[in-house]
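Below, each chain spelled out in residue letters.
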Amino acid sequence: MHDASTHDPSVHDKETVRSCPFDFAQQLEFDPQLKELLTEEPVSRIRMAYGEGEAWLVTRYEDVRTVTTDRRFSRGAVLGRDFPRMTPEPIVQAESINLMDPPASSRLRSLVAKSFTPRRVEQMREGTQRVVDRLLDGMEDEGSPADFVARVSSPLPLITICEALDIPEADRPWLRAHALTMMNVGAAGKEDAVRAKAELRGYFTELTAERRRSPGEDLISTLATARDGAELLDDKELAVMAMVLLITGQDTTTYELGNIAYTLLTRPQLLKSLQAEPERLPRTIEELLRYIPFRKGVGIPRIAMEDVELSGVTIKAGDIVHVSYLTANRDPARFDRPDELDPDRPSIPHMTFGWGAHHCLGAPLATMELEVAFSTLLARFPALRLDAEPEDIRWNTTSIWRYPLALPVTW
């Protein structure tokens, strides 16, 4: 592969710039373009479907770790920039924790982290178990074959996060539809996405104000009243944080439930071994999270605040830098045989929940939901199998996420 940047990587106009649509969505195969960049050009210049100009793409585990933890790279500095991205309308908003740098984000994170302590997540486990039992009762009553996506992976995270946030049942379908509208990658959806974002924000502004006036036992009330010394979340922060929790708290877990179920059902030996030794499930879930490319491409970039060298390439102050957690999870310098699913792999932290100051705060909740769902599923349906040929399963192709649209199972 010709690379015009070999002689002087710091001179922008001499570089090869790659067009990166990040639209690869063949089941759960790894994006070959990302694989090629990781292998041959780990710090590369890219253009994307939306946004102005070019960005750097950083693919190696160690370089991704640097960009996500080093103060010389700023998330906050992307505000107001039409940065290269995958969706027509940026999903993030100004007051969101996703666009803050330490120390501002540290204050917010420490307040939010109080909602996801191990003790709090353990308290939520009981409620999640009740929801899982109810959903699997429904699946069993309906009889075989059933659609795992419709019966379990779609409703479970939404019910769990809505119960944790104490959102009225009647509002939930409307909220889910709005969250989905914001994730679409089609240019035609821009106006809808802008409207959905504004309407969601309005909803959570009202709801959070109400909880502040009369707090209950729910997650929003915990956020509204959590203090870090004298600090509280202000009204805007609280509304946006609740909105971020709703979207991230159900969307991604829904997709991973479907992806993990598909991966297990297409590997009968692994399924059998987990049924024989259920205690291996938590570790296996960590490996599945590393292995499955559950999203496409990249998320929110950062801006270099000064010149930084990464893997022999000079990134200039002011440059936009994207990282790929997907490639970091497949970096052979970090993971032996990275393209193999190995449930006995030595425990090395994966980057599926992000890294550094923007590591997903809800990761303990998501992991708990996955553990409860699959431990219960495997125990209750020992003969569970896919009721279709793997190649006949239909996959989402319209958003930034990869997941099966339906997963027919029999038992």
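None of these values were measured; they are calculated from a predicted model.

**Student:** Summarise the sheet that holds strand β4 (residues 73-74); cite the residues concerned and give the values.
**Tutor:** Read from one edge of the open sheet, six strands run β1-β2-β3-β9-β6-β4, paired in mixed fashion. Two strands close off the open sheet at either side, each with one partner strand: β1 (17-19) and β4. The sheet strands contacting helix α2 (residues 61-69) are β2 (43-47), β3 (55-58), β4, β6 (302-304) and β9 (320-323), and the helix crosses β9 at an angle near 125 degrees.

**Student:** Kindly report on the pattern of salt bridges, identifying the contributing residues and their values.
**Tutor:** Counted according to the given criterion, the structure contains 30 salt bridges. With a closest N to O distance of 3.6 Å, E371 and R125 form a salt bridge. Of this pair, E371 sits in helix α14 (residues 363-380) while R125 sits in helix α4 (residues 118-142), and the two are 246 residues apart along the sequence. Look at R125 and you get partly exposed, because its relative accessible area is 26%.

**Student:** Residue-level account of the nonpolar core, with values.
**Tutor:** If you look at the biggest cluster of nonpolar residues, it comprises 109 residues, and the most contacted ones within it are F22, M139, I167, F204, F374 and L407. Top contributing element to this core by residue count: helix α10 (residues 235-265), with 16 residues. When sequence neighbours within four positions are dropped, the list of residues in contact with F204 reads I167, L175, I220, A239, A242, M243 and L246. In this structure, V308, V323, A328 and M351 belong to the second largest nonpolar core, which totals 19 residues.

**Student:** Run through the state of the cysteines, naming residues and quoting values.
**Tutor:** What the rule picks out here adds up to zero disulfides. Unpaired in terms of disulfides, C360 finds its nearest cysteine sulfur in C162, a separation of 16 Å. Assessed through its relative accessible area of 30%, C360 is described here as partly exposed.

**Student:** I'd love a proper account of the packing of aromatic side chains, names of residues and values included.
**Tutor:** One pass over the full model with this rule turns up ten aromatic pairs. Centroid distance Y203 to F204: 5.2 Å. Interplanar angle 80 degrees. Geometry classified as edge-to-face. Taking the centre distance of 4.9 Å and the plane angle of 85 degrees together, the rings of Y262 and W395 count as edge-to-face. Placement of the pair is Y262 in helix α10 and W395 in the loop between β10 (385-386) and β11 (408-410), with a sequence separation of 133 residues. The exposure class of W395 is buried, given its relative accessible area of 10%. Put simply, the rings of Y255, F294, W401 and Y403 pair up and form one aromatic cluster. The aromatic ring of F335 is capped on one face by R290, whose charged end is 5.1 Å from the ring centroid.

**Student:** Give me the pairing of β9: which residues, what numbers.
**Tutor:** Residues I320 and H322 point to one face of β9 and V321 and V323 to the other, with burial holding for every one of them. Where β3 lies against β9, three bridges are found, and the strand directions are parallel. Paired with V58 across the two strands is V323, which belongs to β9. Sheet topology note: the β6/β9 ladder contains two bridges and is antiparallel. If you follow I303 over to β9, its bridge partner there is I320.

**Student:** Mind laying out the environment of P293, listing which residues take part and the relevant values?
**Tutor:** Relative to the helices and strands, P293 resides in the loop between α12 (281-291) and β6. Of the residues examined, P293 reaches a relative accessible area of 2% and is grouped as buried. Separated by 266 residues in sequence, P293 and Q27 place their C-alpha atoms 9.6 Å apart. Discounting chain neighbours no more than four positions away, the residues touching P293 are L28, E29, F30, L326, R330 and R402.

**Student:** So, the confidence of the model for the protein: which residues are in play, and what are the values?
**Tutor:** Low pLDDT marks stretches whose predicted atomic positions should not be read closely. Of all residues in the protein, 96% attain a pLDDT of 70 or more, and the chain-wide mean is 91. This stretch, residues 1-14, has a pLDDT under 50; its non-local contacts, to residues over four places away or in other chains, come to 22 contacts.

The rules behind each value
Residues numbered from 1 in each chain as written. Predicted model: local features only at pLDDT ≥ 70, side-chain atom pairs only at ≥ 80, totals over all residues. Heavy atoms only, no water. Pairing = 2+ DSSP bridges. Helix = DSSP H or I, 4+ residues; strand = E, 2+ residues; numbered from the N terminus. Contact = heavy atoms within 4.5 Å. Axes fitted to C-alpha atoms, helices over the stretch in contact; angles between N-to-C directions. Salt bridge = Lys/Arg side-chain N within 4 Å of Asp/Glu carboxyl O. Buried < 20%, exposed > 50% of the residue type's maximum accessible area, 1.4 Å probe, protein only. Core = buried A, V, L, I, M, F, W, Y, C linked by side-chain atoms within 4.5 Å. Disulfide = S-S within 2.5 Å. Phe/Tyr/Trp six-rings, centres within 6.5 Å; stacked < 30°, edge-to-face > 60°. Lys NZ or Arg CZ within 6 Å of the ring centre and 35° of its normal. pLDDT = per-residue confidence, 0-100.

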